[in-house]
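Secondary and tertiary structure notes
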Amino acid sequence: MEYTSIDSVLSDEMIGKKVRLRGWVYRHRVIGGKVFVVLRDSTGIIQCVVDSSKVPQQVFDDASKLGLESSILVEGVVCREPRAPGGYELHVSDLSVVHFTRDFPIKGGEGVEYLLDNRHLWIRSRKLTTVMKIKHRVLEAAREWLLDNGWWEVTPPILTASACEGGATLFEVKYFDKKAYLSQSAQLYLEVLIYGLEKVWSLTPSFRAEMSRTRRHLAEYWHLELEAAWYSMEDMMKVSEELVAYIVDRVLERCRRELEFLKRDTSILEKSTKTPYPRITYDEAVKRLKEKGLSVEWGDDFGADEERVLTMDFDKPFFITHFPRHIKSFYMKPDPGRPDVVLGFDMLAPEGYGEIIGGSEREVDYDKLYQRVVEEGYDPSDYKWYLDLRRYGSVPHSGFGLGIERLVMWIAGLDHIRDAIPFPRFRGRIYP
Ligand code: NSS
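Residues numbered from 1 in each chain as written. Predicted model: local features only at pLDDT ≥ 70, side-chain atom pairs only at ≥ 80, totals over all residues. Heavy atoms only, no water.

What follows deals with the overall build of the protein. A count of helices and strands for the protein gives 13 helices and 18 strands. Partitioning the contacts of the protein with sequence separation of at least 6, the portion at a separation of at least 24 is 66%. As displayed, the protein offers around 20,100 Å² of accessible surface, 52% of which is attributable to carbon and sulfur atoms. (Helix = DSSP H or I, 4+ residues; strand = E, 2+ residues; numbered from the N terminus. Contact = heavy atoms within 4.5 Å. Areas by Shrake-Rupley, 256 points an atom, 1.4 Å probe, with all protein chains shown as cover.)

Given below as structure tokens:
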């Protein structure tokens, strides 16, 4: 007999059928002559009852001694049991132990740092497994949308010689006899690739040596980036909202059970499947913040607090556009009608989450870009190849980057970004 998955036996059609299951002990209790084992596999949990009067003595003894996370094989008949989690249980006729576990280090109630130290074990928890399934669906949906809309997937480098998003958060690595950096963004390379492919995207790890530990910053995160020739900022904003709306829609369709397990209120997610998303300018955002009593001045960059306050006015993702030039990256194109602001946009997720996307139209003029590279304190010779793009067939173009863990954090309703990635990296944490 084949092994079946737990989710496939949790149905009325399976009542009375004999099945074989395999997995790990999720809960364990011995009451009188019965052992109640809640078995877990990648698809769910089911209560298995081992009755001493119905199995050989050896099987009952083994079942009584199981510790949490022991791996086992069971055979039995599916029954309806309203008191069991999920409403069904397995009446066990045979059970064999693949690996006896005693003293699994996680028993419940441990603190955050302890669980991070034991991430290699905690990662099998139902919560983290559920979030990983949602992340899978997010990536699947993003890829579907990009395929359906004619975008080429490309593979930019991770080891780089120059900064994209500012020297302060660069990770330096030894590169033979030279210095190199881990990529902060694939953008500059994607800009190269649009001259052959016009519409490109990549999914890569990005690295940021963020000094402060916050709920929404990782040192290593997954970055989905798009870049397209001939696209204005407006065109790119449309692409970004269509993409996010599609992803949310697919997750709602494919992850009902997961969202329910996480007790996610999906009302705002439902609204977020509809575009267009609202837009406000940076000027308007400052005005709103001041009206709400925050002490911000025009020219300040927004942190998590300002963003959280702004999200309270919206019930779906929204854009902030036209930021002051000096708080944004060197490659952004200034607004021709108002050169103190750039043609840049952030998309913020509602419900307090804040920025999930940063994008812009790019500076296409050689001299202006050269000047910005110098102003930024970079050595123009490091950016010769990037500047060259403005010498040979320069075209208007735009792009953006989406932080996958930020998006997952919002969709899954997590209160910390660490649970949106299996092995979170931030200052002070590289193990396991
Ligand atoms: O710095 S960004 O705002 N923009 C860029 O890197 C552009 N070069 C992207 C592009 O146009 N191709 O980062 C983009 C997104 C941002 O909105 C966040 O969602 C995410 O990347 N991000 C992060 N996620 C997790 N942890 C950290 N530290 C982080 N930094 C940015």
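Next comes the rest of the description.
Pairs can form between side chains of opposite charge whenever their charged atoms are close. In total, this model carries 43 salt bridges according to the counting rule given. Residues E140 and R137 are paired through a salt bridge, measuring 2.9 Å at the closest nitrogen-oxygen approach. Of the two residues, E140 and R137 are both situated in helix α4 (residues 126–148); the distance of 3 residues between them amounts to about one turn of the helix. Through salt bridges that share partners, R137, E140, E144, D249, R250, E253 and R254 make up one connected network. (Salt bridge = Lys/Arg side-chain N within 4 Å of Asp/Glu carboxyl O.)

So, about the layout of surface pockets. Estimated volume of the largest pocket: approximately 1,200 Å³. The wall of the largest pocket is formed by 50 residues, among which E165, R208, E210, K328 and E355 lie closest to the centre. Among the elements that make up the lining of the largest pocket, the one with the highest residue count is strand β17 (residues 354–361) (6 residues). Classifying every residue of the lining of the largest pocket gives 19 nonpolar, 14 polar and 17 charged. (1 Å grid on protein atoms, 1.4 Å probe; cavity = no way out; pocket = protein on both sides within 12 Å on 5 of 7 lines; lining within 4 Å. Points joined across faces, edges and corners; volume = space filled by probe spheres on them. Nonpolar A, V, L, I, M, F, W, Y, C, P; charged D, E, K, R; others polar.)

Here the focus is the pairing of strand β13 (residues 318–321). In β13, alternate side chains face the same way, and those of F318 and I320 on one face and F319 and T321 on the other are all buried. Pairing analysis gives 3 bridges linking strand β12 (residues 279–281) to β13, with the strands arranged parallel. Bridging from a neighbouring strand, T281 pairs with T321 of β13. Both β13 and strand β16 (residues 344–349) contribute to a ladder of 4 bridges, which runs antiparallel. For F319, the partnering residue across the bridge sits in β16 and is M347. (Buried < 20%, exposed > 50% of the residue type's maximum accessible area, 1.4 Å probe, protein only. Pairing = 2+ DSSP bridges.)

Further remarks concern unusual backbone geometry. Backbone torsion omega between T275 and P276 reads 0°, so that peptide bond is classified as cis. Checked against the element boundaries, P276 lands in the loop between α8 (267–271) and β12. Of note, the bond from Y431 into P432 is cis; its omega dihedral lies within 30 degrees of zero at -5°. The backbone phi angle of E351 is positive, close to 60°, even though this residue is not glycine. A residue is classified by how much of its surface remains accessible, and E351, at 29% relative accessible area, is partly exposed.

Turning our eyes to something else, we now look at the site of the ligand. Neighbouring the ligand are 24 residues; E165, Q187, E225, E355 and I356 lie closest to it. Between the ligand and the protein, one listed contact pairs a nitrogen atom with a side-chain N or O atom of S185 at 2.9 Å. Here F400 contributes a backbone N or O atom positioned 3.5 Å from a nitrogen atom of the ligand. Protein contacts shield 94% of the accessible area of the ligand, which totals 620 Å² for the unbound molecule. Residues that form the shell around the ligand fall into these classes: 8 nonpolar, 8 polar and 8 charged. (Near = heavy atom within 4 Å. Polar contact = N/O pair within 3.5 Å; in protein donor to acceptor, adjacent residues only side chain to side chain.)

A few words now on empty space enclosed by the protein. By the definition in use, this model includes 1 cavity of 30 Å³ or more. As a volume, the largest cavity reaches approximately 40 Å³. Residue lining of the largest cavity: T160, S162, A163, C164, S183, Q184, S185, L188 and Y189, and that is the complete set. For the lining of the largest cavity, a count of residues per class yields 4 nonpolar, 5 polar and no charged.

Moving on to the side chain of S183. Take S183: it is sitting in the loop between β9 (178–182) and α5 (187–197). A residue is classified by how much of its surface remains accessible, and S183, at 2% relative accessible area, is buried. There is a polar contact of 3.1 Å between the side chain of S183 and the backbone oxygen of S185. Look past the residues within four positions of S183 in its chain and what remains in contact with it is P157, I158, T160, P205, S206 and F207.

What follows covers the domain arrangement of the protein. Looking at the protein, the domain boundaries give domain 1 (6–99) and domain 2 (117–420). Averaged C-alpha coordinates put domain 1 and domain 2 at centres separated by 46 Å. Each side of the interface is counted separately: domain 1 has 8 residues, and domain 2 has 4 residues. With both sides pooled, the region where domain 1 packs onto domain 2 buries about 530 Å², and carbon together with sulfur makes up 41% of that total. At the junction of domain 1 with domain 2, the criterion picks out 2 salt bridges. Between domain 1 and domain 2 we count 2 residue pairs in polar contact (both at pLDDT 80 or more) in total. Looking at side-chain class alone, the side of domain 1 that touches domain 2 contains 3 nonpolar, 2 polar and 3 charged residues. (Domains from an automatic or database assignment. Buried area = accessible area lost by both parts, 1.4 Å probe.)

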